[in-house]
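Read off the chains here:
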Amino acid sequence: MGVYQRNLSLTGEPPKSLNTGQKLFTAIGWAGMAILLMAAFNVNFPNKTLWLSLSLGAISAGIIGFAWASYKDKSAGIKNDGVWFKSISGRGIWAWLAILSLSGFYVLLYFYPQYLGLVEEGENKGVIALFDPLSKLLNGGPASQWFVYGTLYTIAILSFGIKFIWKYRHNSYEVIRTTSVMFFQTAFAFIIPEIMTRLNQPYYDFKNIWPLNYDLFNGYKLQEFISHGSFGVAMLIFGVLSILVITPILTYKYGKRWYCSWVCGCGGLAETAGDSFRQLSNKKQYAWKIERWVIHSVVVFAVVMTTAVVYSFLKGNESASSIGSWNDFQDKVVFIGAQEDKPVHEVVLAAQSAGAQRVIYLDRSDATEPLSLKDTSGIEIPFDVVKAADNGQGITQVQEGKQATLLPMDRSQADIFIEKGTQSVIYDNLWLSKELFIWLVVGLLTLVFGFAFIFRREQLAKDAKIGAIAYFVIVIGILLYTYTDNSSRLFFFESWKLNQFYGFLIGAVFSGVIGTGFYPIFGNRVWCRFGCPMAAILGFQQRLFSRFRITTNGGQCISCGNCSTYCEMGIDVRAYAQKGENIVRSSCVGCGICSAVCPRGVLNLENGPLEGRINSESVLLGQDPDLMALLSQNKD
Amino acid sequence: MKHIVIIGNGIAGVTAARHIRKLSDHRITIISGETDYFFSRTALMYVYMGHMKFKHTQPYENWFWKKNRLELVKAWVKRVNVDQKEVLLEQGQTISYDQLVLATGSIPNKFGWPGEDLDGVQGLVSKMDLELLEKNAPDNSTCKRAVIIGGGLIGVELAEMLLTRKIPVTFLIREKYFWDGVLPAPDAQLISQHIKLHHVDLRHEEELDEILDNGSGRVHAITTKKGERIDCDFVGLCAGVRPQINFLKDSGIETNRGILVDRFLQTNVPDVYAIGDCAEQREPVGERKAVEAVWYTGRMMGETLAQNLCGNPTAWNPGHWFNSAKFMDIEYQTYGWVWNKPKEGNAHYHWKEKDSNRAITIEYHLATRKFVGINTFMIRLQHKQFDQWLSNGATVDEVIRNLDLAGFDPEFYKKPFEAIKKDFINQSQDSVLSH
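Reading the values: the criteria
- The numbers attached to residues start from 1 for each chain and follow its sequence in the written order.
- Numbering of ligands from 1 and lettering of chains from A proceed in the order in which they are written.
- Two thresholds apply to this predicted model, a pLDDT of at least 70 for residue-level local features and 80 or more for giving and counting side-chain atom pairs, whereas whole-chain, interface and lining totals are computed over all residues.
- The split into domains, and so the bounds of each, comes from an automatic or database assignment of domains.
- Paired strands, in this sense, are two strands between which DSSP finds at least two bridges.
- Every helix listed is a DSSP run of H or I at least four residues long, and every strand listed is a run of E at least two residues long, numbered separately from the N terminus.
- Each axis is a line fitted through C-alpha atoms, and for a helix only the stretch in contact is used; angles between axes span 0 to 180 degrees, taken between their N-to-C directions.
- The contact criterion used is a C-beta to C-beta distance within 7 Å, with each C-beta placed from the backbone.
- Charged means Asp, Glu, Lys or Arg here, nonpolar means Ala, Val, Leu, Ile, Met, Phe, Trp, Tyr, Cys or Pro, and polar covers whatever is left, Gly included.
- Put simply, a nonpolar core is a cluster of buried Ala, Val, Leu, Ile, Met, Phe, Trp, Tyr and Cys residues tied together by C-beta atoms within 7 Å.
- To sort residues by exposure, count the other C-beta atoms lying within 10 Å of each residue's C-beta; 20 or more gives buried, 12 or fewer gives exposed, and values between give partly exposed, all with C-beta atoms placed from the backbone.

Asker: Break down the domain arrangement of chain B for me, with residues and values.
Answerer: Here chain B is partitioned into domain 1 (3–107 + 242–309), domain 2 (121–239) and domain 3 (322–434). Taking the mean C-alpha position of each, domain 1 of chain B and domain 3 of chain B sit 35 Å from one another.

Asker: Run through the sheet that holds strand β3 (residues 383–387) of chain A, naming residues and quoting values.
Answerer: Residues and elements named next belong to chain A. In space, the four strands of this open sheet follow the order β3-β2-β1-β6, with parallel pairing throughout. Here the strands that pair on one side only, and so sit at the sheet edges, are β3 and β6 (424–427). Ignoring strand direction, the axes of neighbouring strands in this sheet form an average angle of 25°. Helix α14 (residues 344–353) contacts β1 (333–336), β2 (358–363) and β3 of the sheet and is inclined by roughly 145° relative to β2.

Asker: Go over the interface of chain A and chain B with me, naming the residues and quoting the values.
Answerer: Taken residue by residue, the interface counts 52 residues in chain A and 54 residues in chain B. Mapped by element, the contributors of at least two residues to the side of chain A that touches chain B are α1 (2–8), α8 (172–198), α22 (562–565), β8 (603–607) and α25 (627–635) of chain A. Among the elements that take part in the side of chain A that touches chain B, α25(A) stands out by supplying five residues, more than any other. Of the residues assigned to the side of chain A that touches chain B, the class counts are 19 nonpolar, 26 polar and seven charged.

Asker: Before we move on, can you summarise the nonpolar core with the specific residues and values?
Answerer: As a rule of thumb, soluble globular proteins bury nonpolar side chains together. B:V101 and B:I275 are the most contacted members of the largest nonpolar core, which has 252 residues in total. No other element matches the 13 residues that helix α13 (residues 285–314) of chain A contributes to this core. Setting aside chain neighbours within four positions, we find B:V101 in contact with B:I4, B:I6, B:I7, B:G13, B:A16, B:Y273, B:I275 and B:L305. Ranked by size, the runner-up nonpolar core spans 30 residues in total, among them A:F329, A:V333, A:V334 and A:Y361.

Asker: Describe in detail the sheet that holds strand β13 (residues 208–213) of chain B, supporting the description with residues and values.
Answerer: All names here are of chain B. The antiparallel open sheet is built from three strands, whose spatial order is β13-β14-β15. Among the strands making up the open sheet, the edge pair consists of β13 and β15 (229–231). Within this sheet the neighbouring strands show an average axis-to-axis angle of 25°, counted without direction. Taken together, the three bridges between strand β14 (residues 219–224) and β15 define a ladder with antiparallel strand orientation. Residue pairing in the sheet places A221 in a bridge with D231 of β15.

Asker: How would you summarise unusual backbone geometry if you had to cite specific residues and measurements?
Answerer: Between A:W210 and A:P211 the backbone carries a cis peptide bond, its omega angle lying at 10°. Within the element layout of this structure, A:P211 appears in the loop between α8 and α9 (219–227). For B:D355, which is not a glycine, the phi torsion comes out positive at approximately 55°. With respect to the secondary-structure elements, B:D355 resides in the loop between β23 (346–352) and β24 (359–365).

Asker: Please set out helix α15 (residues 392–399) of chain A residue by residue, giving values where relevant.
Answerer: Residues and elements named next belong to chain A. Buried residues dominate α15, accounting for seven of its eight residues. Of the residues making up α15, those classed as buried are G392, G394, I395, T396, Q397, V398 and Q399. Check the buried side of α15 and you find it contacts α9, β1, β4 (404–406), β5 (416–418) and β6. A positive backbone phi angle near 80° is found at G401, which sits one or two residues after α15.

Laid out in structure tokens, this is it:
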């Protein structure tokens, strides 16, 4: 085979060659990209609104037009002709060039946004400046690299979504599912958060659930929510309910597909722009083994990191009334919050006696006038009042030992400048104490672990049991050890370092640079399959506690392998189908493509009763008497 | 521990091997000259079309064979010596066996057409055929036109394959409509129309007369029985297949069209068995043919034989007939028997959706109204449900009333079952009125 194939690939012949329409629209799309590139190289476009519209319009038109030229003359049905012959989808030279430019873009985006033209203080330059008009229209402020990324991301999902719908127009499931991801990206990820920013509310993409949204419970985010009054608190509660209540219920009813291939933004990009690369996922058994260890390690990391950051947020969460000379506040900045036990000036005196450098009062109320001390006699250290809502970022920076500037509530006073390396403590009376929080975490983990081991023991593979026990013992062990150790650093590291490391390794490198940048080599779901902690949690629920399964149709499978080849999650679907077994796998995102490409109508995505869902001793129809039943009898 | 040697690593031989391993610790050797490892023959077309690479057609990873102690020998078998209980390979080695399983499959039919052995003339059954096709028809400058002979499943697949490389295809079919020896006329017409829609030059009631040599041993045209000459660079012979049994000549193993076997899949020679496409039943089962070149049959025979070889004598007794295929974009499934013309005492009920390819044909017994079988196009139906109905002797009315129980289309598909029900009742009333 190989020999002839090499002869074959002389020049673009059908089915890998492009027709005139495809060439034309490719050119239009690239013209749009060229404008962005020129902007990136600091060509200053005079009328930014016009050129931005031209660029984004040309990119969208190029993609949609390409789809039109590709499918207009083809009847409705599967369109995988030449997938493995084409350079871009068959790991050819274009695929390698694509991963270089895509992952290069991600490196700039995450680590060097200045090269995209980001200017923190002052006018943006380059390609980010080009997006300023659109950003101002939506959220009232100048663009950031994230705004540029969000816009391009949405355009990709919308344009490639239209292409996908065209390609699968005969398949209602695919059409409706794709419409759903297009909607959630545009409305929930793109427009609503921008508008909320404009309305001076916290930026929140409601469908971006922790732990995929790993920063949701980070200190600055919590500050932001809490300081936005009841609306902010409602958002925070929604964030907690999303993962603890909404997610399990929906996954129980429909499988993880409700999220991964209907709602999620990462999934949305994978299913639309990434559709041409789904066949590249690795189907080998070793890949499955690696996948199980890596993705579950990421979810453990996410849990550990989040526990640590929340703990450190709650760390000073004691009433300021408890402050006394027994505290060691030498040269520290002490933040205090409202409490009703002691007058504030006495608290300040107590902090002073414990060696505090200064005391800052965090105002979380709606008051417009700053609180003033009733009695200032004896107070020698500075005392300031700041609005927590205005200083979320600054407070986090202080906590992390970075240099920071805080805005006093009384604007007539000078800004408060905190030097780098200054230590701080927070005595801010929130309803959740750090003790209670730790026990909640321990309780929740034990509950999940206990459920799996008591009710689903027989469904866990040996390595799953070993992994689960090991992780459970280690995590709970370290948690309790470091907690009682009084070093106040859970898991040995300072929480912000854990958070930073997670953000770098998982948030940027794994999900972005590799997860999306490597689509054309490893397939479109590398991140979702190997890295996403949300997918791991949903997968756990799906495998052990869900009505979802893919059923197979009696004895009709011909082992052709289309299903396995086009499974973006690298599931060897055929291995189940040819045995007549249902497919119940953690990683299945329910995209429905295995069912679509099956030439014999063997696979179907279904929700049904838990009983009999996993039928590994299933019967392949067609025999009389039932030989498979005989087979299992003989084995005993 | 006996040594079981299996000739052929297709679905029949490999299924037998896997099931023997599940049931026993016998030594198992699989011999094949075609490929190193088992692949799905039905998927060869997808390799040419670029949907898959050849490795994707292999259902088991390469470590599977060693792990399950299935010894693989890549060689062609020259002869079988049943007296010595030996298999002689082309390269000269011999392998001795305690029990021998012949699972050698099919080769394309040739009917002695003039020019049938010219370069550029081939069938499509084996991996070698696929490689040859890449040589004969890699693109539309090498192959300016292809002619396909014979209106069966492989013919329509080959047409679909060649179209992906934009090679113009002329398709000669002896019948009035595609596959109408098997499909009832409305079903056959539906497929014929669909093939034409894909710009295939489909010629009904037309046969190959002669394949013409370009002077250097290569095809350059054909003539038809009606006397037309069609220039072409490629001829696909798809007029069915026949068992591959040449190497058994004078072996003492009795053959007819295929290797003759009894109900226990044993040949006339003790300890020699035959399964899959190459086997011919001395007494065919029910309405089934003596030679059944069908994937599912090969698989099920492999399952049955494994029982036989592992001390659990089991007669070949396949359940209700089922099959499936895909004609370009049209999926087809069948359960039970639907004949191209209703058997005596039977009738056909046909339904087709307007402006779509969704259709069914049901055969049922007129007097008892017993359901006999169904053809379904672009409506996926459940094997299990029909198996039950056939076993329970359900009536056509019961089946149509409950068709939605058998639905297997993806979620959100518009269900056709209410429309079918209504149409069926209307038609029954019409026929009552007209009596």
